[in-house]
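Structure at a glance
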Amino acid sequence: MVHALSEIRRTLKPGGRLIDLRPVESNWQVEVSSSAGVQAAGWLTDVPAAVEDDEAAFRAMREVESRGWFSKKEEREFSFFYYWDTPSEMKQFMDEEWEDFEKLEEDVFENARSLWAVANADARVRVRVKMLITRWE
Amino acid sequence: MTVVKDPEGFEKKILHQFANFSGAKVLEVGCGEGRLTFKYAASAGQVIAFDTDHDALRIARADLPHALQGRVHFAEASARHIPFPAESFDVAVLAWSL
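Here goes a summary of the coordinates provided. (Residues numbered from 1 in each chain as written. Chains lettered and ligands numbered in written order. Predicted model: local features only at pLDDT ≥ 70, side-chain atom pairs only at ≥ 80, totals over all residues.)

1. Observations regarding the overall build of chain B
- For chain B, the helix and strand inventory stands at three helices and five strands.
- For chain B, the succession of helices and strands along the chain, N to C, is β-α-β-α-β-α-β-β.
- Its C-alpha atoms give chain B a radius of gyration of 13 Å, within 12% of the compact-globule value 13 Å for 98 residues.
- The principal-axis extents of the C-alpha atoms in chain B amount to approximately 40 × 30 × 30 Å.
- Counting every position in chain B, which comprises 98 residues, the buried fraction comes to 40%.
- Across chain B, every contact between residues at least 6 apart in sequence was considered, and the portion connecting residues at least 24 apart equals 62%. (Helix = DSSP H or I, 4+ residues; strand = E, 2+ residues; numbered from the N terminus. Rg over C-alpha atoms; globule rule 2.2 N^0.38 Å. Buried ≥ 20, exposed ≤ 12 C-beta atoms within 10 Å, placed from the backbone. Contact = placed C-beta atoms within 7 Å.)

What follows is the structure, encoded as structure tokens:
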């Protein structure tokens, strides 16, 4: 990671900016959303290897900052959502796409299914993804 | 299976608050299928977006809007050896890749 950041620094003009945008593991919340409101169904389980990846990323940025390659100018946490029409679609997506960093436990899936089944017809399931964005110069 | 990512546009809004892409020459590291690229490229002067995933790049090129052709270039490369000269870019974006 540090070598890659060295390469990025090399290709930036003097005064150039580095924007680091990435999700952070934080037991993202599963919700059922409809015109009637939002209900929490539970939380995803962080996969340990992904948590270690997060820690490695933070370590790498601390190292490049200590070397004086980049200086942190602004940082913010925010959230956005992934939506699915049904809980089953959400589960399929997670099994296929997120298996390396987030796990949908059976009890959370069942809770989402129960909430979704009795919600308004326009109900969808969604996951609140925690993000971090940092500007370095 | 249909997934909709960030229909409210929170990610795009924050990204533009953090970086002024206007006319900038941008290097995007780990562009994947170009999901993030397409959220800022219209503002940029030129975008070079790269990834090691050949299949993802094929999708990114196929999905590149006509209006962005000539402005956005997708390349297969690794961040360990970025194949561009020193001091080439105004902005670098690490797109879910650190």
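2. Overview of the overall build of chain A
- Counting its regular elements, chain A contains four helices and seven strands.
- Listed by position from the N terminus, the elements making up chain A come as α-β-β-β-β-α-β-α-β-α-β.
- Relative to the 2.2 N^0.38 estimate, which gives 14 Å for 137 residues, the radius of gyration of chain A is 19 Å and therefore markedly larger than a compact globule would have.
- Seen through its C-alpha atoms, chain A measures out along the principal axes to roughly 55 × 30 × 20 Å.
- Of all 137 residues assigned to chain A, the portion counted as buried reaches 31%.
- Considering only contacts in chain A between residues 6 or more positions apart, those separated by 24 or more positions represent 79%.

3. What to know about the pairing of strand β1 (residues 12-23) of chain A
- For β1 of chain A and strand β5 (residues 89-95) of chain B, the ladder comprises six bridges, and the chain directions are parallel. Of the residues in β5 of chain B, the one forming a bridge with Leu12 of chain A is Phe89 of chain B.
- Here six bridges tie β1 of chain A to strand β7 (residues 124-136) of chain A, and the two strands are oriented antiparallel to one another. Paired with Leu18 of chain A across the strands is Trp136 of chain A, a residue of β7 of chain A. (Pairing = 2+ DSSP bridges.)

4. With respect to unusual backbone geometry
All names here are of chain B.
- Phi at Asp6 takes a positive value of approximately 50°, unusual for a residue other than glycine.
- Mapped onto the secondary structure, Asp6 falls in the loop between β1 (3-5) and α1 (10-18).
- Unusually for a residue other than glycine, Glu87 sits at a positive phi of about 55°.
- Mapped onto the fold, Glu87 is located in the loop between β4 (72-76) and β5.
- Since 11 C-beta atoms lie within 10 Å of it, Glu87 is described here as exposed.

5. A short note on the interface of chain A and chain B
- On the chain B side, the residues contacting the 35 residues of chain A number 33 residues.
- At the level of secondary structure, the elements contributing two or more residues to the side of chain A that touches chain B comprise α1 (2-11), β1, α2 (48-66), β5 (72-84), α3 (87-97) and β7 of chain A.
- Considering each element in turn, the side of chain A that touches chain B owes the most residues, eleven residues, to β1 of chain A.
- Grouping the amino acids of the side of chain A that touches chain B by side-chain chemistry returns 20 nonpolar, four polar and eleven charged. (Nonpolar A, V, L, I, M, F, W, Y, C, P; charged D, E, K, R; others polar.)

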